[in-house]
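Descriptive structure summary
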Amino acid sequence: MAVMEARCSSSVMLREFACEQNFLSQPDGSASFVHGDTSVYAGVYGPAEVKVSKEIYDRATLEVLIQPKVGLPGVRERSQEQCVRETCEASLLLSLHPRSSLTLILQVLHDDGSLLSCLLNAACMSLMDAGLPMSCLFCGVTCAIDADGQIITDPTAAQEKESRALMTFAIDSKKHNVLMTSTKGSFSVNELQQCIAVSQKASEKLFQFYRDSVRRRYSKTL
Amino acid sequence: MLSTLKRRVGEVLLPGDEFSYDGDDTISLTEPVRPEKVLCGPGLRRSGDRLLVCKSGVLRHKQPNVFWMDCQQKRYVHAKGETVIGIVTVKSGDVFKVDFGGSEQASLSYLAFEGATKRNRPNVQVGDLVFAQFIVANKDMEPELACIGSSGRANGMGVFGGGGLLFRVSLGLVRRLLSPHSEVRSDLEQLFPCELVIGMNGRLWVRSSSVHQTLVIANLLQSCESMTPLQRRELFTRVQQGAL
């Protein structure tokens, strides 16, 4: 395992990423996240009043809505919504706002690969911007395994299409544990372990970026 | 833990950061040993002997051992004793429902006004603004407001009079305005005479001698959010010299 990590450390390559927080006036928290050409807007409303039918007596109800670039949300968006929702539920302290609703709306602007990880990162930044209590942060990293068995982190749409397997992990900021996995294609157990190790390495870069961008946001009030 | 906390005051922290208790290696023989107690404000949680950060923001400290996270959120979460500006939405029997911008509506009893009795009801209509204080603010119970203090006096609370303008700013700016030696407030005082009511829920109400001046003050306050102190002072002096 140690050898694997040592080998991975040199090969973590992420496209350029960028983020802007609090750029929408109406939502309580908002963020845009860009991975290369993939771009997502996120808006959070809450804690707000909840419909009686969706009320949970001991915690807040979290609703995630993903809007695709064109057309109506379909099955693919629903499955992504579920991935994002379960990751957010794992890191948010929902029991601090019982009988209220949190709504997270994600608008896809452009998909050039690694969409799910971009959605996860945008979600985390907007939840943080909304000031919701969280036990830890999370980030998303996508890995693709190409025909030669090479691991590509943060693949583009073209690289995704040529890949043999595609995996997205949500990783928490405390112990770099895996919170959520979404995989496609065939791969061995060893390859999965390698991808997790690569993603954990990549997540450190992302968490450092989170810290820098929040620091920049608060620079005027320091 | 206390020394690490104090060292990081003023730094930006993220959810998931934690401080763990590390016992002092040296024991003072002259002073009596007093266990250090840390008081956690919003954004900090105690878990066992660790202190967890659960909101992103700047760590602040107040003597002796009070710590909290200063976070620029927009949604108000009610807390006991805070004063807010609310809008009366429903009048039903002996309670009013007041919208204060939180997760649910607060109730306000008609007896919780200065001088109100069962015979002498206060004149409150749906749509009126009230400046009130939370007497019950608990995540498990319905929030409850009152327009009187514990002595039975209004202390400036109650229904708003006519005129004036209500607008919203971020909660961070509200807290900056309410801090004892607020620079924004002292800068503003030098401009025009005006009445300013600050609700902890991010609502501000301004009234001055003319509509024009009221609007100028509202716009200045809203633009304060994204300015450094230097830029703000520059803008305020330009307004004072009659640029607007």
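An unreviewed UniProt entry annotates chain B as Exosome complex component RRP40 of Pleuronectes platessa. Under Sequence similarities (unreviewed entry), UniProt gives the following word-for-word description of chain B: "Belongs to the RRP40 family."

The name an unreviewed UniProt entry assigns to chain A is Exosome complex component RRP46, from the organism Pleuronectes platessa.

On to the overall build of chain A. Within chain A, the secondary structure is distributed over five helices and nine strands. Overall, chain A shows an N-to-C arrangement of helices and strands of α-β-β-β-β-α-β-α-β-β-α-β-β-α. Residues counted as buried form 55% of the 222 residues belonging to chain A. A fraction of 67% describes how many contacts in chain A between residues 6 or more apart in sequence connect residues 24 or more apart. Total accessible area computed for chain A in this model is approximately 10000 Å², and 51% of it derives from carbon and sulfur atoms. Taking the average location of the 22 positive side-chain charges in chain A and that of its 25 negative ones, the two points are 3 Å from each other.

Another point: the sheet that holds strand S1 (residues 12–13) of chain B. Here four strands make up an open sheet; going across it, the order is S1-S6-S7-S3 (chain B) and the pairing mixed. The sheet terminates laterally at S1 and strand S3 (39–40) of chain B, the two strands that pair on one side only.

Residues and elements named next belong to chain A. Counted by the stated rule, this structure contains one cavity of 30 Å³ or more. If you add up the space inside the largest cavity, you get close to 30 Å³. For the largest cavity, the full set of lining residues is Leu14, His35, Ser117, Gly140, Val141, Thr142, Asp154 and Leu206.

Bringing the environment of Met69 of chain B into the picture now. Residue and element names in this part refer to chain B. Summarising the element assignment, Met69 is placed in strand S7 (residues 66–70). Sequence separation of Met69 and Cys224 is 155 residues, and the distance between their C-alpha atoms is 21 Å. Beyond its immediate chain neighbours, meaning those up to four positions away, Met69 contacts Leu13, Pro42, Gly43, Leu44, Val53, Lys55, Ser56, Gly57, Val58 and Leu59.

This part is about the side chain of Lys74 of chain B. Tracing the backbone shows Lys74 of chain B in the loop between S7 and strand S8 (83–92). Despite its burial, Lys74 of chain B pairs with no opposite charge, the nearest such side chain being Asp129 of chain A at 6.1 Å. A distance of 3.1 Å separates a polar atom in the side chain of Lys74 of chain B from the backbone oxygen of Leu24 of chain A. What Lys74 of chain B contacts, discounting residues up to four positions off in sequence, is Asn22, Leu24, Ser25, Pro27 and Asp28 of chain A together with Arg168 and Leu171 of chain B.

Calculation rules
- Residues numbered from 1 in each chain as written.
- Chains lettered and ligands numbered in written order.
- Predicted model: local features only at pLDDT ≥ 70, side-chain atom pairs only at ≥ 80, totals over all residues.
- Heavy atoms only, no water.
- UniProt positions renumbered as here; feature names shortened; annotations may be inferred.
- Helix = DSSP H or I, 4+ residues; strand = E, 2+ residues; numbered from the N terminus.
- Buried < 20%, exposed > 50% of the residue type's maximum accessible area, 1.4 Å probe, protein only.
- Contact = heavy atoms within 4.5 Å.
- Areas by Shrake-Rupley, 256 points an atom, 1.4 Å probe, with all protein chains shown as cover.
- Lys, Arg positive; Asp, Glu negative; His and termini not counted.
- Charge placed at Lys NZ, Arg CZ, Asp CG, Glu CD.
- Pairing = 2+ DSSP bridges.
- 1 Å grid on protein atoms, 1.4 Å probe; cavity = no way out; pocket = protein on both sides within 12 Å on 5 of 7 lines; lining within 4 Å.
- Points joined across faces, edges and corners; volume = space filled by probe spheres on them.
- Salt bridge = Lys/Arg side-chain N within 4 Å of Asp/Glu carboxyl O.
- Polar contact = N/O pair within 3.5 Å; in protein donor to acceptor, adjacent residues only side chain to side chain.

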